[in-house]
Structures are given as C-alpha cells and as structure tokens.
Amino acid sequence: MQEMKTEKLQPIELPQLPESPLVSVLVANYNYAKYVGEAIESALKQTYSNLEIIVCDDGSKDNSCEIIETYVQKDSRVKLIRKQNGGVSSALNAAYRNSQGQIVCLLDADDVWTQDKLQIMIAAFHANSKAGFGVHNIIKIDGEGKLIKSNPMFSNLPSGWLGPFALDNGGFIYNVPLGSALCIRREVSDLIFPLDETLVRNVDSLICYIAACTTEIVSVPDVHSMYRVHSTNLTVAKSLTADYLEREINAFRRVHHEQKQFLKNFYGNEVAEKLTDLDYSWTYLQYRYLLSHLQYKSKSETKEAHQRLINHPQFNFVGSQQWLLRWGEYLPHFLFMVLFDTVYGSNWLKRLAKVLLKRTRVPSRAYR
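Just so it is clear, the structure is predicted and the values come from calculations on it, not from any experiment. (Residues numbered from 1 in each chain as written. Predicted model: local features only at pLDDT ≥ 70, side-chain atom pairs only at ≥ 80, totals over all residues. Heavy atoms only, no water.)

Now for the overall build of the protein chain. Along its length, the protein chain carries 14 helices and eight strands. Burial status across the protein chain gives 52% buried among its 368 residues. Considering only intrachain contacts with a sequence separation of at least 6, the fraction spanning at least 24 residues in the protein chain is 78%. Roughly 17,800 Å² of accessible area belongs to the protein chain as shown, and the carbon and sulfur atoms make up 51% of that amount. (Helix = DSSP H or I, 4+ residues; strand = E, 2+ residues; numbered from the N terminus. Buried < 20%, exposed > 50% of the residue type's maximum accessible area, 1.4 Å probe, protein only. Contact = heavy atoms within 4.5 Å. Areas by Shrake-Rupley, 256 points an atom, 1.4 Å probe, with all protein chains shown as cover.)

Written as structure tokens, this is what we have:
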C-alpha cells in the first residue's frame, strides 16, 4: 500500500479514463475444477473484448490447472500463474502483480458473469469520472447453476462518497456485493494491493472498505454476476453456528485493524483515530448478540449485548429477524434457541417450506 498523500479524508483525484481501457480480471482458484472453466468462459464471452484474465491457481490438488491450460492455449488473453497454496490473499496478490489493466475486476473461480457486465461497468465509470470503485447487483445460483432465488441479493447498493460514513460506522459500509461484483480503477487498487497474505477471510470486505475510504462509488442496480452457493464454499454457512459467528467476528476485527492501518499510512493519525470501534456497526453487534446466546453466556452479558444492538441508530431489521432480535431477550433461553433456528438455521420448518415452495413454483432456468 502507498504512503500518506493527504491529511484530509477525501476522494483521490482520478485521471480521465481511456475510452476503451484494458480490464484485468483476477481469478483466484483452489480446487474448483468443476467451476473454473465456466467462470473463465463468462469472462471470455464478454461483449467488451479489451481484457486480460489472470488466473492464479493456489496449489490445487484437482485437475484445475489442466482445465485452465485449455483456455490459455485457445485465447492469448488468458494467463495462468501456478503457486503453492497460500490462501486467497496471496493468490490475488500474485494475479495483481501480473496485471496491467486500468480497471481491475475480481471474479471468483466458482461464479459467472453476464455477457455485458464489463461493458455496463465501463459505461458507469465513464458516466461518473470521480468514481474509482464500481459495484453491481448479484443473484444466487446453486452448484448446478440453477437459481436459488429469483430476486437480486440487494434492494439497494452503496453509491457516492461514503468515507465519512464508514469512519462513523466502525469502518463498515452496507449492502456491498460479494467479490465477483467488485470493479476498481487502477489508481485505487494500487492503494489496496498487496493484501496482507495472512488474511484468509473477508478479503473482499477489506477491499471494499478501503476503496470506500479513498474514492466515490458508482453502482449499477441490475444483476451482472451469479454467486454460486455450494458445499465447498469457504465462507458460506447454510446456518449460523457459534463457530461460524466466532470466525466472522474475528475476521471483522482483523479487517478493522487492516483498515485502520491503511488510514494511518495514507491519511495520518488524525484521520485514523476517527475510525470508530466495531461496536458502531450493527452487523458486528448482531453477531455479538447472537453468539452470546449460542455460547450460553450469562443473562447480564446477553442483556448488555442486546442493549448495544437495539440502541444502534441503524437497527432496522424486518420481519421475523427484527422480532427475534428486538424481543427475544425477554424469552426463556430454550425458546429463543427454537426461534433462532427457525430464523437463521436450516431446521425442519425451513425444509418443509422449501418443499412446499418447490411444488408451487413455476420451473425456471438458471439466470444467464
């Protein structure tokens, strides 16, 4: 990451973007032989053709490299980097070092883009010359490429200059799509890379939160990537468990630390000290409160966590989740856990609901 350029939190100045900028597509792959070919194809089939696809294989033990090599032989825009297993951060760093594009896009090795994704995002950058970070909506598919839900994952996306908001909310910005929806101008990505290679979770969150503190965000509400949910996803949980929540909380803390170090190096101590604690983030507070129940903490501890959560100014959950988080503290613990499993888990009530929905739903093909 670069050293301090200014002592004031403000968007960085961006040069004019070329009419047809080179786009670098970074793909970190580990044992995704089943999916990586489809991911690469979705990038090669873009309506915008001035691109390079840098695939870093992070020591896969399956036949991923053989599959990737077939694309390397067919199209000179595809490059393969092989390395020993070191985690997603190290794989992205290796891919980034070998990239040249004025725009950098992440593509998870098990995800798929729509054909016009790059064309749409480049147009969005041209429409907002001050934006160095772009996002679009995503939709979930299963391991076979079928829709899980027909609706986009986000009803609204972040846009504009959100640096001050992030500092006031524990570093968080909300409704941020996942990795394959992130597009970054080179001037911004040079501030973020190289990533700390000991960071193995929430890497895309770190990229988002640092980018949001350096530049404006341009967002496209339409779906332009399919996020694949399957049994081997590293960071996806079908239900919230104590282990999962604890890992996420630790990842939040690590990302927060990295974000503060960036602010200190880039802006100086005065700006870095304005980054509020994680307790100012309702996402973090929600996880802390739920974990206190799953770990059978004392009534006083759960009550304190509950009060912190419901008194947060952005506490705005809806439906059954809102009810449980607001009023569940007044229930006996065993009843709280029954309702928790209904709201957050994969219990028999949810399985029954899914069966009923499948019987009444009109069959649909995977989104493409």
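Further remarks concern the confidence of the model for the protein chain. Scored by pLDDT, the protein chain comes out at a mean of 89, with 88% of its residues at no less than 70. In the predicted structure, residues 348-368 sits below a pLDDT of 50 and forms 20 contacts with residues beyond four places in sequence or in another chain. (pLDDT = per-residue confidence, 0-100.)

Attention shifts here to the side chain of R185. Relative to the helices and strands, R185 is located in strand β7 (residues 182-185). On the basis of relative accessible area, R185 is assigned to the buried category, the value being 2%.

Okay, helix α7 (residues 203-212) next. Here α7 lies mainly inside the structure; nine of its 10 residues are buried. Turning to α7, its buried residues number three or more, namely V203, S205, L206, I207, C208, Y209, I210, A211 and A212.

A pair of packed helices is characterised by two quantities: the angle between their axes and the separation of those axes. For the pair helix α8 (residues 242-266) and helix α10 (residues 282-294), the least separation of the axes is 10 Å and the interaxial angle reads 145 degrees. At the point where α8 passes α10, the crossing takes the left-handed sense. Taken together, the residues of α10 that come into contact with α8 (itself represented by A242, Y244, L245, E246, E248, I249, F252 and R253) are T283, Y284, Y287, R288, L290, L291 and L294. (Axes fitted to C-alpha atoms, helices over the stretch in contact; angles between N-to-C directions. Left-handed = near helix turned anticlockwise from the far one by under 90°.)

The topology assignment puts E52 in strand β2 (residues 51-58). Within the structure, the side chain of E52 is placed 3.3 Å from the side chain of K79, a separation counted as a polar contact. For E52, the residues in contact, after removing those within four places along its chain, are L22, V23, S24, V25, R77, K79, N98, S99, Q100 and G101. (Polar contact = N/O pair within 3.5 Å; in protein donor to acceptor, adjacent residues only side chain to side chain.)

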